[in-house]
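# Coordinate inspection notes
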2 protein chains.
Amino acid sequence: MVKVSNPRVIMNKHITDGYPIPGETVVYDTTEEIDLDNAPLDGGVLSRSSQYRPIPEGFGNFGVGVVLRSENPKYKTGDHVYGIIAFQAYVIHKDVPPLTVLPHIENLPLSVYTGTLGMAGQTAYIGWKLYSEAKKGETVFVSTAAGPVGSAVVQIAKAQGLKVVASAGSDEKIEFVKQLGADVAFNYKTQDTRAILEGLENGIDIFWDNVGGETLEIAIDTLNSFGRIISCGSISQYNVTEKYGIKNLTNVVGKRLSIKGFIVSVHFRLLGDFYAEVPQKVASGEFKYAEHRYEGLDQTGQAILDVQKGNNKAKAVIVVANE
Amino acid sequence: MVKVSNPRVIMNKHITDGYPIPGETVVYDTTEEIDLDNAPLDGGVLSRSSQYRPIPEGFGNFGVGVVLRSENPKYKTGDHVYGIIAFQAYVIHKDVPPLTVLPHIENLPLSVYTGTLGMAGQTAYIGWKLYSEAKKGETVFVSTAAGPVGSAVVQIAKAQGLKVVASAGSDEKIEFVKQLGADVAFNYKTQDTRAILEGLENGIDIFWDNVGGETLEIAIDTLNSFGRIISCGSISQYNVTEKYGIKNLTNVVGKRLSIKGFIVSVHFRLLGDFYAEVPQKVASGEFKYAEHRYEGLDQTGQAILDVQKGNNKAKAVIVVANE
């Protein structure tokens, strides 16, 4: 039996208050070993991890892996799989793991399946389809528009004939968002969100909310009647001790707004539609994306910290192993 | 030409901050005169007002009138009509007024058409139908449950097999709500809303929100995943200088909640269904209601003030003229 090192990331506690501390609350550990040829699978699958998108809760996350051995007939050696994969180099998925075998689209880098073709893209595609009620000529305001969800929403909305107003946190991100087709793009750290939204000729009809807090309050004030808010994140509120108090929810009645909180994982019935449509568009270049790659599992702590602070320049991807 | 007095209520300004002041911001005026037989209708309708439900904005409101003369073939003398009717004894509705001719259900007092069969009942009936996604066995929390909207929601939800948790602002109102079938009813002025909601065995699935503010915040905290909030009022926030800041909207994403702001007037396509079903239930006693009657148009200022302060004991109705 030849054992190899199975590097992993240990999160000492759930990081719900304050920022994660690399090396302290997020520890890279190389002491564990695994026998790749003989470790018992109990009917499951052994995969080697490839790419991850970091989120700070728990030990698993959506990632891409390659099947090394399988005792489950749904998966065979060499399959690329997508699903919840622990932060470690090798993972045994027991029972029937809810892994998706990825479609093989020529020249598509695997990392894309963690972002634009992963939970982020699925969130954008499925959330938009289910809740936007978008009509051609309407205006959508997309927050964190350079991120993997936002950048997909910008492109979906443009393709549908909407006017897109986009915000992001650096001039570099704003450049990227403009390349995606945003009609108005601004750096919320240096420009006044309220002034920009109030200055729009026709107001906004849809707010794609990834941030919550004050931006959500401003959007509620500036949305047109019958406006829709799709909330799939509150990044501005995760790491603050004093949450922002939103004082204008009376407008929800007066303007007959709807707010829909949304996590994509409950809508996987629509995943078939997604995989049938979107990978082709990414492969052809019709759908653009950007990545901020972290090389090595030992960068996990830093990657999570950067995402939490908004310091990543684009979609954060931890490259565990190159193909 | 014989002119008669046409008493009316003049609102000197929109009452958006603070409470209305009877005699000052809301003035009863009897100086205007009208010639009932000869005043030109310009193709419209002359009606005598009967009952109103007071709201503090503008000069018109939903009320019931009786057609005295008509030059519009859709309305004939003697018809009882429901619609936006100015706060005055006699009103000429020019052009084609959006008045609904009321169904004649035996023994049904006209005032009911301003509450349980008026905008309030329509709000409850149509809002519930469109947005509750109610399933038998679920729990709904109804605020201002003794009011015309809330009391209808309580009865609709009970009839559908839901558990009803209801709040109101006096023990007298709580008694009424219990008679309507509420499983749990509490006086929010003397009991702790959070403790009661957190103490429920199965949580709440739907919040019928008439109040906004802190109660809405507590509901967001206690709602089950996939909970629905139907917001049709924010009575706690209308007359305060400092609006309540809601700090827990991140739960909207985490629990995948939906919040739907709702004013019934946009859904009048469903009014046929409403009139076909509900008046019969009120006439048979299956649907119960309560009224707080103000005798005389000169009581309008006081009625509005009472509604704004929550001092009315039940549905507020200004009786302008008895049938």
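What you are looking at is a predicted structure, and each value in this text was computed from that prediction instead of being measured.

Let us now look at the interface of chain A and chain B. Accessible area lost when the parts come together is the quantity often used to give the size of an interface. Taken together, the contact pairs 27 residues of chain A with 27 residues of chain B. Taken together, the two surfaces of chain A and chain B that pack against each other cover about 2200 Å², and 67% of this comes from carbon and sulfur. It is Lys247, Val253 and Arg256 of chain A in chain A that bury the most area against chain B; as a group they hold 26% of the surface buried on that side. Our enumeration of links across chain A and chain B arrives at two salt bridges. A salt bridge links Glu242 of chain B to Lys247 of chain A, with the nearest nitrogen and oxygen atoms 2.3 Å apart. Linking chain A with chain B are six residue pairs in polar contact (both at pLDDT 80 or more), by the criterion used here.

Time to look at the domain arrangement of chain A. Residues and elements named next belong to chain A. Parsing chain A into structural domains produces domain 1 (3–111 + 290–319) and domain 2 (119–265). A C-alpha centroid distance of 30 Å is found between domain 1 and domain 2. Taken together, the contacts link 13 residues of domain 1 with nine residues of domain 2. Summing both partners gives a buried area of about 1100 Å² for domain 1 against domain 2, and 50% of it is carried by carbon and sulfur. By the criterion of area lost to domain 2, the three top residues of domain 1 are Tyr82, Gln308 and Lys313, representing 35% of everything that side buries. Our count for the domain 1 to domain 2 interface comes out at zero salt bridges.

What follows concerns the sheet that holds strand 10 (residues 139–142) of chain A. For sheets, the rule is that strands pair by backbone hydrogen bonds, running either parallel or antiparallel. Read across the sheet, twelve strands follow the order 12(A)-11(A)-10(A)-13(A)-14(A)-15(A)-15(B)-14(B)-13(B)-10(B)-11(B)-12(B) without closing on themselves; strand pairing throughout is mixed. Because the sheet does not close on itself, it has two edges, and the strands there are strand 12 (184–187) of chain A together with strand 12 (184–187) of chain B. Direction aside, neighbouring strands of the sheet carry axes that sit 15° apart on average. Here strand 11 (residues 163–168) of chain B runs beside strand 12 of chain B; their pairing, made up of four bridges, is parallel. Following the sheet pairing, Ala166 of chain B is matched in strand 12 of chain B by Ala185 of chain B. Sitting on the sheet, helix 3 (residues 171–179) of chain A is in contact with strand 11 (163–168) and strand 12 of chain A, with an inclination near 170° to strand 12 of chain A.

Definitions and limits used
- Residues numbered from 1 in each chain as written.
- Chains lettered and ligands numbered in written order.
- Predicted model: local features only at pLDDT ≥ 70, side-chain atom pairs only at ≥ 80, totals over all residues.
- Heavy atoms only, no water.
- Contact = heavy atoms within 4.5 Å.
- Buried area = accessible area lost by both parts, 1.4 Å probe.
- Salt bridge = Lys/Arg side-chain N within 4 Å of Asp/Glu carboxyl O.
- Polar contact = N/O pair within 3.5 Å; in protein donor to acceptor, adjacent residues only side chain to side chain.
- Domains from an automatic or database assignment.
- Pairing = 2+ DSSP bridges.
- Helix = DSSP H or I, 4+ residues; strand = E, 2+ residues; numbered from the N terminus.
- Axes fitted to C-alpha atoms, helices over the stretch in contact; angles between N-to-C directions.

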